[in-house]
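Coordinate analysis (summary)
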Amino acid sequence: MIATTAMEVNAEARRILAVSISKLYASRSQRGGLRLHRSLLLSLVMRSARDIYHSSREIEMPCAAQPTPEPMETSSSSPAGEQIVPESQPELQTSEESESGDEGCEEGDITEDKENMSPTKQSRKRRGKAAAAPDFLPIKRARLEPGEERHAAPHCRGAESLSALSLNLNRAIAAF
Amino acid sequence: MAGAGGGNSDVQWCFSQVKGAIDDDVAEADIISTVEFNHSGELLATGDKGGRVVIFQQEPESKNQPQCRGEYNVYSTFQSHEPEFDYLKSLEIEEKINKIRWLPQKNAAQFLLSTNDKTIKLWKISERDKRPEGYNLKEEDGRYRDLNTVTTLRVPVFRPMDLMVEASPRRVFSNAHTYHINSISVNSDCETYLSADDLRINLWNLEINDRSFNIVDIKPTNMEELTEVITAAEFHPNQCNTFVYSSSKGTIRLCDMRASALCDQHAKQFEEPEDPNNRSFFSEIISSISDVKFSHSGRYMMTRDYLSVKIWDLNMESRPVETYQVGNCCCADKSSLYENDCIFDKFECCWNGNDSVVMTGSYNNFFRMFDRGYRQDVTLEASRENSKPRSVLKPRKVSTGGKRKKDEISVDSLDFNKKILHTAWHPLDNIIAVATTNNLYIFQEKLN
């Protein structure tokens, strides 16, 4: 019973993540440029969905068990808990304004640590289709900046590359 | 109840006028983006996505029909903003008029501020109904006369002419906002005004356009740490040192400019604790405040978020004194509202003249009025079907449960593409202006 609910939540979280990512892509070509307020709200929804997705996956997959469940309070995530390597490059090259990049604390999870590894240590080889992002993502992938790497997909491949993608999108930095 | 308004529970609203094209194919430039009465209510200004401002003027009350307040007719139309291109950032700047604010009238001319995403302009609207005639050196059509034919000397005189209304830009306030301007507000001192974008608020002097003071800056040093943006700002109606700004997190901060030059430290913070039971993926979007308006008295302020209208007493920061659910979309599936972008809609709200009733728009071209004194609310509809002159508006009901009563509309049949984002209430009378996508409806109180 719990597994079914977790699966439904998982599916809903993935769907919302996919919708959010495509909205973020679409807003890049909007007249008037990126809207900071809208981008911030999109990234907050994405973060909520990603957190729920991970929590529900932990229920499904005991191998990636986390000691304490992550709180849903995305607004309380503090800069002090920032695990993301600061030298990651801005991804959205045309963005005028920044997105919220505050990802919150994700400790004690092996899969999360892999996500947080410095991108420069990853191989630049493009992965085959099997390891590509789940099929619900937009077909066009974000262009890599020079020096930026795609995150390596660990054993939970689909989930992590999805999360990594949403992380990178959150990290677009203002041009000034 | 039949209606809500002016402290009397028996107010009924009737259709007065509708402005705008009839056909369903809406040109994007014609989408109305702001509506504002001036301080006397005689003038009504609208701004649209095409950067135009249209001003309507109320006809004087006719003695033949004392039951009917004057109609609003076009007074002036002008192009306020044009599309621009920022070459440095390779971005187009939309010409859409985000806000219009009237200045209190000081002489024969009228002044208003209009703003798009980046530039604010002060417009002077003046009337000309006389023109000088009888020049000595020029003919009536402007050609210069042959000096040999000039044998007499006369004094030119002013003669009446057809009324001409001229709009001229008196000041252009530009290059002060990095982010998109969402609000402007004229101070009660009539000398200064503020403009707010997503992260900063600037204070301007109406006479000086090459300089502004930054009074609020919530931009974090590291933009990755951004958690909230400014969504609206307004000066207090009576206290020239006080203003408020609302945020995307659902908080309102009141600032006192006497405290310091940079008002990052708020004097008061108004926030209602979130109900943890209502938490969802979209809680942040729903709690984001889209509009904040002081009451005319200055004692209260009203905020609009996606689902409700809240009235706050400036003396109490912990929670609002009144909360009104707008409805119409709380039953709808939030994730489909997210997918079709409706959840990002920014609804405005307004007070009536004596602060007894508040109004806001919703979907399906419905708008809601909440009578604070009688604790009544009513849903009305702006549609061409109810547009017979002086026809009384019938209250609408949306059925929330499974069983739909007669005359009720089910949530599933609500048209979420027909939204009323902008409404305005005449400062003195029960006359309201309600903007659908590209039409402006004017409703008046039924007078017996």
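Residues numbered from 1 in each chain as written. Chains lettered and ligands numbered in written order. Predicted model: local features only at pLDDT ≥ 70, side-chain atom pairs only at ≥ 80, totals over all residues. Heavy atoms only, no water.

Labelled according to an unreviewed UniProt entry, chain B appears under the name Serine/threonine-protein phosphatase 2A 55 kDa regulatory subunit B, originating from Notothenia coriiceps. The record held by UniProt for chain B lists under Sequence similarities (unreviewed entry) the comment "Belongs to the phosphatase 2A regulatory subunit B family." Under the UniProt heading Subunit (unreviewed entry), the entry covering chain B gives this text: "PP2A consists of a common heterodimeric core enzyme, composed of a 36 kDa catalytic subunit (subunit C) and a 65 kDa constant regulatory subunit (PR65 or subunit A), that associates with a variety of regulatory subunits." (UniProt positions renumbered as here; feature names shortened; annotations may be inferred.)

Under the annotation held in an unreviewed UniProt entry, chain A carries the name Immediate early response gene 2 protein-like and is attributed to Notothenia coriiceps. Recorded in UniProt under Sequence similarities (unreviewed entry), the annotation for chain A is "Belongs to the IER family."

Comments concerning the overall build of chain B
Summing up its helical and strand segments, chain B has two helices and 32 strands in all. What you see for chain B is a C-alpha radius of gyration of 24 Å, in line with the 22 Å of a compact globule of 448 residues. The principal-axis extent of the C-alpha atoms belonging to chain B is close to 90 × 60 × 40 Å. Burial statistics for chain B: of 448 residues in total, 53% are counted as buried. A separation of at least 24 residues holds for 55% of the contacts in chain B among residues at least 6 apart in sequence. (Helix = DSSP H or I, 4+ residues; strand = E, 2+ residues; numbered from the N terminus. Rg over C-alpha atoms; globule rule 2.2 N^0.38 Å. Buried < 20%, exposed > 50% of the residue type's maximum accessible area, 1.4 Å probe, protein only. Contact = heavy atoms within 4.5 Å.)

Section: the pairing of strand 21 (residues 300-304) of chain B
All names here are of chain B. Burial within strand 21 is extensive, with four of its five residues counted as buried. Taking the residues between adjacent antiparallel strands as the criterion, strand 20 (residues 291-294) and strand 21 are bridged by five residues, where glycine 298 takes a positive phi near 90 degrees. Pairing of strand 21 with strand 22 (residues 308-313), which is carried by five bridges, proceeds in the antiparallel orientation. Of the residues in strand 22, the one forming a bridge with tyrosine 300 is aspartate 313. The loop that links strand 21 with its antiparallel partner strand 22 comprises three residues. (Pairing = 2+ DSSP bridges.)

Topic: the environment of Ser76(B)
For Ser76(B), the position within the fold is in strand 5 (residues 72-79). Residues contacting Ser76(B), with those up to four places away along its chain left out, are Val53(B), Val54(B), Ile55(B), Val165(B) and Ala167(B).

A few points about the confidence of the model for chain B
Residue and element names in this part refer to chain B. Residue-level pLDDT values for chain B average 92, and 96% of them are 70 or greater. This stretch, residues 1-8, has a pLDDT under 50; its non-local contacts, to residues over four places away or in other chains, come to 31 contacts. Among the scores for the predicted complex, ipTM is 0.89 and pTM is 0.80. (pLDDT = per-residue confidence, 0-100.)

A short note on the environment of Asn315(B)
Residue and element names in this part refer to chain B. Looking at the secondary structure, you find asparagine 315 in the loop between strand 22 and strand 23 (322-325). Distance from asparagine 315 to phenylalanine 270, taken between C-alpha atoms, is 9.7 Å for residues 45 residues apart in sequence. Once residues lying within four places of it in the same chain are set aside, the contact partners of asparagine 315 are Lys268 and Arg299.

Some details on the pattern of salt bridges
All names here are of chain B. One pass over the structure, following the stated rule, counts 34 salt bridges over all chains. The closest approach of N and O atoms between arginine 131 and glutamate 133, which form a salt bridge, is 3.4 Å. A salt bridge links glutamate 381 to arginine 396; the nearest nitrogen and oxygen atoms lie 2.5 Å apart. Of this pair, glutamate 381 sits in strand 27 (residues 376-381) while arginine 396 sits in the loop between strand 27 and strand 28 (397-399); the two residues are 15 residues apart in sequence, bridging distant segments of the chain. (Salt bridge = Lys/Arg side-chain N within 4 Å of Asp/Glu carboxyl O.)

A closer look at the sheet that holds strand 31 (residues 431-435) of chain B
Residue and element names in this part refer to chain B. Spatially, four strands are ordered 1-32-31-30 in an open sheet, and the strand pairing comes out antiparallel. Since the sheet does not close on itself, it has two edges, and those belong to strand 1 (13-19) and strand 30 (422-425), each with one partner. The sheet shows a mean angle of 20 degrees between the axes of neighbouring strands, taken without regard to direction. (Axes fitted to C-alpha atoms, helices over the stretch in contact; angles between N-to-C directions.)

Description of the packing of aromatic side chains
All names here are of chain B. Per the counting criterion, the structure on display carries 21 aromatic pairs over all chains. Each ring, one from tyrosine 324 and one from phenylalanine 370, has its centre 4.9 Å from the other, and the planes form 20 degrees; the classification is stacked. One end of the pair, tyrosine 324, is in strand 23; the other, phenylalanine 370, is in strand 26 (residues 366-371), with 46 residues separating them in the sequence. For the pair tyrosine 324 and phenylalanine 370, one class covers both residues: buried. (Phe/Tyr/Trp six-rings, centres within 6.5 Å; stacked < 30°, edge-to-face > 60°.)

Some points on a nonpolar patch on the surface
Taken together, Leu137(B), Tyr144(B) and Leu147(B) make up a surface patch of nonpolar side chains, about 390 Å² in accessible area. Mapped onto the elements of the fold, Leu137(B) is located in the loop between strand 10 (120-133) and strand 11 (157-173). (Patch = residues over 30% accessible without salt bridge, like charges linked within 9 Å, V, L, I, M, F, W, Y side chains within 5 Å. Areas by Shrake-Rupley, 256 points an atom, 1.4 Å probe, with all protein chains shown as cover.)

Details of helix 2 (residues 36-60) of chain A
A turn of α-helix holds 3.6 residues, and therefore any two residues three or four places apart point the same way. Taking 1.5 Å per residue, 25 residues should reach 36 Å; helix 2 of chain A reaches 36 Å between its end C-alpha atoms and fits that length. Summarising burial for helix 2 of chain A: 22 of the 25 residues are buried, a large majority. (Expected span 1.5 Å × (residues − 1).)

Some remarks on unusual backbone geometry
All names here are of chain B. Even without being a glycine, asparagine 364 presents a positive backbone phi close to 60 degrees. With a relative accessible area of 12%, asparagine 364 lands in the buried category. One non-glycine residue, asparagine 365, lies in the positive phi region at around 60 degrees. On the secondary structure map, asparagine 365 appears in the loop between strand 25 (357-361) and strand 26. Asparagine 365 sits in the buried class, given a relative accessible area of 11%.

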